[in-house]
Every structure is written in structure tokens, then in C-alpha cells.
Amino acid sequence: MNLRELVSALNDFASPALAESWDNVGLLVEPSPPHTVKTLFLTNDLTEEVMEEAVQKKADLVLSYHPRIFTPLKRVTWKTWKERLVVRALENRIGIYSPHTAFDAIPHGVNNWLAKGLGSCTSVPLHPSTAPSSPAEGTHRVEFCADAEHLDAVLFKIKDIPEISCLTTLPARVEGEEQTRVSLTCSQKALLEVVALLSQNSLLHHKTEILLLQKPLLPHTGMGRLCTLSEPVSLSDIIKRIKGHLQLPHVRVAMGTGRTLESPVKKAALCAGSGSSVLKGTEADLYLTGEMSHHDVLDAVANGISVILCEHSNTERGFLSELRDALAIHLQNKIDIIVSEKDRDPLQVA
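Rules used throughout
The residue count restarts for each chain, going from 1 along the sequence in the order it is written. Side-chain atom pairs in this predicted model are given and counted only at pLDDT of 80 or more, local residue features only at pLDDT of at least 70, and totals for whole chains, interfaces and linings cover all residues. Water and hydrogen atoms play no part in the side-chain values, which are based on all heavy atoms of the structure. UniProt positions are given in the numbering used here, feature names are shortened, and annotations may be inferred rather than shown by experiment. Any Lys or Arg side-chain nitrogen located within 4 Å of an Asp or Glu carboxyl oxygen qualifies as a salt bridge. Accessibility here uses a 1.4 Å probe with only protein chains present; expressed as a share of the type maximum, an area under 20% marks a residue as buried, one over 50% as exposed, and anything in between as partly exposed. A run of H or I in DSSP counts as a helix once it spans at least four residues, and a run of E counts as a strand once it spans at least two, with each numbered from the N terminus. Fitted lines through C-alpha atoms give the axes, limited to the stretch in contact for helices. The angle between two N-to-C directions lies from 0 to 180 degrees. Should the near helix be turned counterclockwise from the far one by less than a right angle, the crossing is left-handed, whereas a clockwise turn marks it as right-handed. It only takes one pair of heavy atoms within 4.5 Å for two residues to be counted as in contact. Under the grouping applied here, Gly and all other residues not named as nonpolar or charged are polar, the nonpolar ones being Ala, Val, Leu, Ile, Met, Phe, Trp, Tyr, Cys and Pro and the charged ones Asp, Glu, Lys and Arg. Residue types Ala, Val, Leu, Ile, Met, Phe, Trp, Tyr and Cys, when buried and joined through side-chain atoms within 4.5 Å, form a set referred to as a nonpolar core. An automatic or database domain assignment is the source of the domain bounds shown. Only strands joined by at least two bridges in the DSSP assignment are considered to pair. Only Phe, Tyr and Trp rings are paired, with Trp represented by its six-membered ring, and only when their centres lie within 6.5 Å; those with planes under 30 degrees apart are stacked, over 60 edge-to-face, the remainder tilted.

Looking up the protein chain in an unreviewed UniProt entry gives the name NIF3-like protein 1, with the organism given as Chaetorhynchus papuensis. Recorded under Function (unreviewed entry), the UniProt text for the protein chain is reproduced unchanged: "May function as a transcriptional corepressor through its interaction with COPS2, negatively regulating the expression of genes involved in neuronal differentiation." Looking at the Subunit (unreviewed entry) heading of the UniProt record, one finds this comment for the protein chain: "Homodimer. Interacts with COPS2. Interacts with THOC7."

Structure (C-alpha cells):
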């Protein structure tokens with residue numbers, strides 16, 4: 001597939017618009033076009049060892065769940081490992097694409113895969129995503145009626161206000177008089193200027209309606225998951241299930257105040273990776289994530305919530321095998337898809 005065609009397909013699979021605002025997702029490194037992709041290489045973390053593997057396996061595009069370019073690079077030299085990754089990628093004509101939190105949000109993404117480790121359950125996003133393009137612009141809609149005497153002057157001034165879109169006029173009859181109904185969409189900042197303008201004319205001001213535009217929630221889409229198990233399960237059994245699902249010999253466990261290994265778990269809140277900010281404040285029997293700060297663990301425990309920590313990337317990496325199969329279908333088997341064998345969590349139990 002042509003690289004740009006493939007990137008478009010990957011964006012359709014998980015829209016970059018679903019990623020968190022602080023994230024850096026999408027195509028991060030692009031070899032000079034035209035660039036054809038025969039082999040797509042999947043990894044959770046793109047390290048130098050993994051890049052060497054991608055070169056040896058003749059990958060044309062690396063899909064790295066975590067973005068290796070996150071903060072801006074001031075130079076691309078051989079000095080630091082992240083710069084060297086860019087150099088190696090361009091020298092070997094390998095593109096780099098990162099979905100990161102876009103994969104966290106989608107219904108068929110990382111968090112739903114992680115939830116499978118709990119057993120039979122239903123789940124809803126902890127922080128639902130909103131439709132990114134509905135409405136496309138503006139936070140408020142303003143509507144008012146004006147007679148012919150005031151209409152042109154008001155429209156002239158409104159058109160000078162920045163961040164106004166979708167300005168329309170329609171004939172209207174108000175209290176038996178022929179008038180014009182004006183409708184516009186604007187930002188929060190522009191709203192203040194529009195209201196200030198209309199308030200200069202009491203007739204216009206009294207006929208003004210302001211609507212807050214709410215973007216619709218996307219079903220089953222968003223950050224984190226609150227999972228309700230079909231039947232309560234003891235904490236000890238949940239630990240066994242999670243270890244089996246993630247293929248880990250050990251996990252770290254903090255038992256909530258008043259809880260034991262035999263305490264039942266009915267509701268579990270989870271977030272792949274580093275979940276403190278997503279999980280905080282959620283009422284549940286259990287928090288499941290990769291890592292949390294010491295103080296956030298103490299807060300959860302004090303509230304009677306047990307915590308299972310599996311290390312950051314251990315809660316993400318297993319998704320790659322499921323992703324490989326899903327992308328094969330999505331891309332209609334047009335390219336080879338390989339999962340890295342060198343990619344691993346940097347932390348080991350010694």
C-alpha cells in the first residue's frame with residue numbers, strides 16, 4: 001500500500017481526533033515520497049533494539065503505540081537515542097506512526113482488551129469521548145431578530161468579530177412585523193463581543209437566544225473503563241486472572257482498608273498504562289492499571305479500594321497480537337503485519 005493510503009486507513013481504524021490533547025499521534029516520521037509499505041511492524045515501545053529488529057525484518061512502517069517523538073526535537077544527531085531512532089528510520093526508509101491514546105479510547109482498543117482479563121463483564125468508559133466534528137466550530141449559537149432599519153448595521157459589525165461561523169439570515173414574522181432572523185455560531189470569546197454589541201440595542205437584546213452547543217457522546221468510546229463483573233469474584237481470583245491474561249508471574253497489589261484477598265470484587269475501574277488521573281475519584285472495588293503514584297495508591301487504599309499494578313507497558317503490549325489480527329481484516333490482507341519479538345517492559349523483578 002502507498003504510505004499515505006495506509007495512514008488514512010490507520011486513521012479510520014482509530015481517529016487521531018480521539019487522542020488526548022497533550023498527546024502526539026499520527027505519522028511522526030515520513031520517508032520521502034513515494035513510499036510503498038509492504039511490511040507493517042507493530043511494537044509497544046520503539047527502542048534502538050526494536051528498531052534494529054525492524055530494519056532486519058525489512059519493515060516499511062513501524063506502528064509504535066507510544067510516540068517516540070513526544071517533546072519537540074531541536075536537532076537530529078547521533079547524540080541521543082531518540083534522535084538516533086529518527087536517523088535510522090530515515091536512512092532505512094522506514095516510517096513511524098503512533099496512535100497512543102487514540103487506541104485507548106476506541107471500543108476495540110487497548111482498554112477493552114485489558115478488561116478481558118477480568119472475565120465476563122460489561123464496561124463503560126470512565127471519561128466518554130465526544131464527537132470530534134459535531135459541531136465543527138464554535139461553542140455557542142446565537143439567534144436574534146432584527147428589522148430592516150437595524151439589520152445591515154448589525155451584520156456589518158458582527159462580520160468584524162473573529163471566531164464567528166455559520167452566519168445565516170432568514171425571513172421571519174415577529175408580532176405581525178416582517179423581520180429577519182439571524183443565526184450564527186461563535187466561540188466563547190466571540191460570544192462576549194456579540195452580546196456586548198446586541199446589548200447596545202434593547203430591541204435586539206430582548207429578542208436574543210443563546211444556545212450552548214454540546215457535542216454528542218460517542219458510544220463505548222473514551223478513556224478508561226468501569227467494568228461490572230457478571231458475578232462477584234474474590235480479589236485473589238481476579239489477581240490470578242490478570243496474571244494469566246497478561247502472562248505475568250507477578251503483579252503488585254495493595255489491599256483496600258478493610259479488604260482481604262477473599263473480599264469480593266464486583267466493580268473494577270481500569271486504565272492501561274499510567275492510570276492515576278483517569279481512575280481518581282471513581283467508586284469501585286478495584287483499580288487496575290500499570291502504574292500509580294505512591295500517594296494515589298494510599299488514597300485508593302484509604303477509600304477501601306484495592307489496587308493492582310502490572311507495570312506500565314505490561315498493560316498494553318499484549319494488545320498487539322489482537323491488533324495484528326484486527327488490522328489484517330481492516331487492511332484487507334494487503335500487507336504483511338509483524339509483531340516485534342524484542343519489545344519488552346524495561347522493568348524486571350530481580
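(A) Examining the pattern of salt bridges more closely. Scanning the entire structure with this criterion turns up 17 salt bridges. Between R173 and E178 there is a salt bridge, with its nearest N and O atoms 2.4 Å apart. Neither residue differs from the other here; R173 and E178 are each classed as exposed. Ionic pairing is found between D285 and R259, a salt bridge with its closest N-O pair at 3.7 Å. Residue D285 is found in the loop between helix 10 (276-279) and strand 13 (286-291), and its partner R259 is found in the loop between strand 11 (252-254) and strand 12 (264-274); the two are separated by 26 residues along the sequence.

(B) Spotlight on the packing of helix 1 (residues 3-13) against helix 12 (residues 319-330). Running from N to C, helix 1 and helix 12 point in directions that differ by 115°, and their axes come no closer than 11 Å. Where helix 1 crosses over helix 12, the two elements pack in a sense that is right-handed. Along the contact surface, helix 1 presents A9, L10, D12 and F13, while helix 12 presents L323, A326, L327 and H330. Split into classes, the residues belonging to the contact of helix 1 with helix 12 amount to six nonpolar, one polar and one charged.

(C) Region of interest: the nonpolar core. Core analysis: the biggest nonpolar cluster contains 70 residues, and F103 and L327 have the highest contact counts within it. Shared between two domains, this core takes at least three residues from each, and those domains are domain 1 (3-99 + 317-339) and domain 2 (106-129 + 220-309). Filtering out sequence-adjacent residues up to four positions away, F103 remains in contact with F13, A14, L63, Y65, G109, V110, F319 and L323. In this structure, F144, A146, V154 and I158 belong to the second largest nonpolar core, which totals 17 residues.

(D) Representation of the UniProt feature "binding site: a divalent metal cation" (unreviewed entry) in the protein chain. The UniProt record annotates "binding site: a divalent metal cation" (unreviewed entry) at H66, D104, H312 and E316. Taken along the chain, the residues just named run across 251 residues; in space they keep tight, none of their C-alpha pairs more than 13.5 Å apart. In this fold, H312 is placed in the loop between strand 14 (306-309) and helix 12. Every residue in contact with H312, bar those within four places of it in the chain, is listed here: H66, G273, S274, G290, E291 and D345. Its location among the elements puts E316 in the loop between strand 14 and helix 12.

(E) Local environment of the sheet that holds strand 2 (residues 39-43). Here we have five strands laid out as an open sheet, ordered 1-4-3-2-15, and mixed in their pairing. Sheet topology places strand 1 (26-29) and strand 15 (336-339) at the edges, where each strand pairs with a single neighbour. This sheet shows a mean twist of 25° between the axes of neighbouring strands, independent of strand direction. For strand 2 and strand 3 (residues 61-64), the ladder comprises four bridges, and the chain directions are parallel.

(F) A look at the packing of aromatic side chains. Scanning the model with the defined rule gives three aromatic pairs in all. The interplanar angle of 70° and the centroid separation of 5.8 Å between the aromatic rings of F13 and F103 together place this pair among those described as edge-to-face. Of this pair, F13 sits in helix 1 while F103 sits in helix 4 (residues 101-105); the two residues are 90 residues apart in sequence, bridging distant segments of the chain. Through a chain of ring-to-ring contacts, the aromatic side chains of F13, F103 and F319 assemble into a single cluster.

(G) Expanded view of the sheet that holds strand 8 (residues 177-186). Ordered in space as 7-8-6-9, the four strands form an open sheet in which the pairing is antiparallel. Single-partner strands in this sheet number two, and they are strand 7 (164-174) and strand 9 (209-212). Looking at each pair of strands side by side, their axes are set apart by 15° on average, direction ignored. For strand 7 and strand 8, the ladder comprises nine bridges, and the chain directions are antiparallel. Bridge pairing in strand 8 places V174 opposite E177. Against the sheet, helix 7 (residues 188-198) touches strand 6 (140-146), strand 7, strand 8 and strand 9, its axis set at about 15° to strand 6.

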